[in-house]
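The chain contents come next:
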Amino acid sequence: MTEDAAHKRTFAAGDWYAVVGEHVTALVPADARARVAGLWDLADGGASFEAVLDGLLVDGLSTLSGFALVGHGARTRVVVRGDVTASFRTPNGDVDIADEPGALWVERTLDGVTSGRLSVGGAVDGSDLALVTGVARASAVQFGEVAAPAPADTEPVETAPEVAPVEAPAPAPVVPAVAEPTPEPTPEPTPEPEPVASEPLTFGDPDADDPTPTGEQPAVTDEAASAPDDHDGQTTVGAPLEDFVRPQIGLPGQELAPAVVAHPVAKLIFSTGEVLDVDRVILVGRAPEARRFASSDQPHLVTVSSPNHEISSTHLEIRPGAGADHGMAVVTDMGSTNGTVLVQPGLPPEDLQAGIAVSLIPGAILDLGDGVTIQTTNP
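Keep in mind it's a predicted model, so treat the numbers as computed, not measured.

1. Quick look at the overall build of the protein
Helix and strand content of the protein: 4 helices and 21 strands. When the 379 residues of the protein are sorted by exposure, 36% land in the buried category. A sequence separation of at least 24 residues applies to 56% of the contacts in the protein between residues at least 6 apart. Of the roughly 23100 Å² of accessible surface on the protein, a fraction of 54% belongs to carbon and sulfur atoms.

2. So, the sheet that holds strand S14 (residues 300-303)
One open sheet holds the 5 strands; their spatial order is S14-S13-S15-S16-S19, and the pairing between them is mixed. The open sheet has two edge strands, S14 and strand S19 (358-360), and neither has a second partner. Adjacent strand axes in the sheet meet at a mean angle of 25 degrees, parallel and antiparallel pairs treated alike.

3. Observations concerning the packing of aromatic side chains
Per the stated rule, a full pass over the model turns up 1 aromatic pair. When the ring of Phe-67 is compared with that of Trp-105, the centres are 6.3 Å apart and the planes differ by 70 degrees; the resulting orientation is edge-to-face. Taken together, the positions of Phe-67 in strand S3 (residues 67-71) and Trp-105 in the loop between strand S6 (93-98) and strand S7 (106-111) put the pair 38 residues apart, joining distant regions of the chain. On the basis of relative accessibility, which here comes to 0%, the residue Phe-67 falls in the buried class. Take Trp-105: its relative accessible area is 27%, and that puts it in the partly exposed class. Over the ring of Tyr-17 we find Arg-137, and its NZ or CZ is 4.6 Å from the ring centre.

4. A closer look at the nonpolar core
Val-19, Val-28, Phe-67, Leu-69 and Val-135 are the most contacted members of the largest nonpolar core, which totals 25 residues. Only strand S1 (9-20), strand S2 (24-28), helix H2 (36-44), helix H3 (49-56), S3 and strand S17 (341-343) provide two or more residues apiece to this core. Among the elements that line this core, the one with the most residues is H2, at 5 residues. The contact partners of Val-19, leaving out residues within four places of it in the chain, are Val-24, Thr-25, Ala-26, Val-36, Leu-39, Trp-40, Ala-43, Gly-134 and Val-135. Trp-16, Ala-68, Ala-86 and Leu-110 belong to the second largest nonpolar core, which has 24 residues in total.

5. Points about unusual backbone geometry
If you check the backbone angles, His-309 has positive phi at about 55 degrees while not being a glycine. Mapped onto the elements, His-309 comes out in the loop between S14 and strand S15 (316-320).

6. Points about the confidence of the model for the protein
For the protein, per-residue confidence averages 76 on the pLDDT scale, and 64% of positions sit at 70 or higher. Residue range residues 146-154 is modelled with pLDDT below 50. Its contacts to residues more than four positions away, or to other chains, number 1 contact.

7. Re H3
Those residues of H3 that fall on the buried side of the exposure criterion are Phe-49, Val-52, Leu-53 and Leu-56. Down the axis of H3, the buried side of the element spans an arc of 100 degrees, and every buried residue falls inside it. Those residues of H3 that are buried lie in contact with S2, H2, S3 and strand S4 (75-81).

8. A closer look at H2
The α-helix winds at 3.6 residues per turn, so residues separated by three or four positions along the chain end up facing the same way. Among all positions of H2, only Val-36, Ala-37, Leu-39, Trp-40 and Ala-43 are buried. Each buried residue of H2 lies within a common arc of 160 degrees when the element is viewed along its axis, so the set occupies one face. Positive backbone phi, approximately 80 degrees, marks Gly-46, located one or two places after H2.

9. A closer look at the side chain of Thr-133
Among the structural elements, Thr-133 can be located in the loop between strand S9 (129-130) and strand S10 (134-143). Once you skip the residues sitting within four places of it in the chain, Thr-133 turns out to touch Val-20, Gly-21, Glu-22, Trp-40 and Gln-375.

10. Quick word on the sheet that holds strand S18 (residues 350-351)
Each strand in a sheet pairs with another by means of backbone hydrogen bonds, the pair being arranged parallel or else antiparallel. Spatially, S12-S11-S21-S20-S17-S18 is the arrangement adopted by the 6 strands of the open sheet, whose pairing is antiparallel. The strands lining the two open edges of the sheet, one partner per strand, are strand S12 (275-277) and S18. Where S17 and S18 come together, 2 bridges link them in antiparallel fashion. When the bridges of S18 are listed, Val-341 appears paired with Asp-351.

11. Observations regarding the environment of Ile-361
Position of Ile-361 relative to the elements: it lies in the loop between S19 and strand S20 (365-369). In this structure, the C-alpha to C-alpha distance between Ile-361 and Ala-266, residues 95 residues apart in sequence, is 9.3 Å. The residues touching Ile-361, leaving out its near neighbours within four places in the chain, are Gln-344, Pro-345 and Thr-376.

12. Here's the deal with the pattern of salt bridges
Oppositely charged side chains are able to pair whenever their charged atoms sit close together. As enumerated under the stated definition, the model contains 7 salt bridges in all. Between Arg-77 and Glu-50 there is a salt bridge, with its nearest N and O atoms 2.4 Å apart. Of the two residues, Arg-77 is situated in strand S4 and Glu-50 in helix H3; the sequence distance between them amounts to 27 residues. On the accessibility criterion, Arg-77 (26% relative accessible area) is partly exposed. Judged by relative accessible area, Glu-50 falls into the partly exposed class, the value being 40%. Close ionic contact of Asp-94 with Arg-89 constitutes a salt bridge, the shortest N to O distance being 3.5 Å. Using a relative accessible area of 33% as the deciding quantity, one classes Arg-89 as partly exposed.

13. Looking at the environment of Val-20
For Val-20, the position within the fold is in strand S1. For Val-20, the contacting residues outside a window of four places in its chain are Arg-9, Thr-25, Trp-40, Leu-131, Val-132, Thr-133 and Gly-134.

About the criteria used
- Residues numbered from 1 in each chain as written.
- Predicted model: local features only at pLDDT ≥ 70, side-chain atom pairs only at ≥ 80, totals over all residues.
- Heavy atoms only, no water.
- Helix = DSSP H or I, 4+ residues; strand = E, 2+ residues; numbered from the N terminus.
- Buried < 20%, exposed > 50% of the residue type's maximum accessible area, 1.4 Å probe, protein only.
- Contact = heavy atoms within 4.5 Å.
- Areas by Shrake-Rupley, 256 points an atom, 1.4 Å probe, with all protein chains shown as cover.
- Pairing = 2+ DSSP bridges.
- Axes fitted to C-alpha atoms, helices over the stretch in contact; angles between N-to-C directions.
- Phe/Tyr/Trp six-rings, centres within 6.5 Å; stacked < 30°, edge-to-face > 60°.
- Lys NZ or Arg CZ within 6 Å of the ring centre and 35° of its normal.
- Core = buried A, V, L, I, M, F, W, Y, C linked by side-chain atoms within 4.5 Å.
- pLDDT = per-residue confidence, 0-100.
- Arc of directions from axis to C-beta.
- Salt bridge = Lys/Arg side-chain N within 4 Å of Asp/Glu carboxyl O.

As structure tokens, then:
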């Protein structure tokens, strides 16, 4: 497969795991989740096709129900096992590769591949989610671009010959009539208001110790006396909501990390194709909301699609770290309903605990659900 075709990839959301590197692409079932971290570590490190295949089979073949592995290069190497179908387009025609009864797997080597597709169970859903490198929950992975159908021949449309415009005669000037001035009406005198008698304000008994006014004055309550003066029209701010207090990052007792830093500490690659630098707070969810932030350091809000509502409105927060996490990106699950899975390079997958900040190693993968993943790389 050519280099350009190998780097143009999209995927369709599903239950399997797609591990996409520069030189290899693997598609493994959900029950092989424990192997995903090791496969991504190999793929991200530029391992060869044989090395990734060894890593895929390190825990044995009998417990692996199916998989697909593709090596990208001058020649395309393909290994398929189980309920996976591989289809490729070559100069000599289309090639379909599927598992054969009685075989451990089916292996082929192809030349001149311009595009290809791995799909689970004959999935035909469109692959419209961008994927550069990383890990995603998928049911199909598309390589290269699918050729668009040629436009149908259409009958030429005859156009009418152009007709030179005919200049219209200039209209005769119109002399406006001069209106006679209207005399100004004489203003009627305004009657003076009648004086209103006001009740004098007395101050009680002059012999008493506390001469409190006895006129008709409203009583001032303790709440009214303590209320802030709002006569200038500015809105007063109520008490903060404790549910949205930002979690402390770094060691206990250290100051909170700044909301905006001068230099990014990491880069985020979303499975949706969006790429962001971590130079400020980033909130991700179906409809993220920013609270308790000043107008000068507003966070970046990233809205992702979640058809099955597996992703919460404000699902997680990623920000520059402080203290022991200075110079790194840290992630905090904001109490999402279905949780967040973190896969760090060389470590088993872990479920984030709500409100607990975790530092991100370059190459870490965050799985939010509904096929949405976030890969962390160096800035």
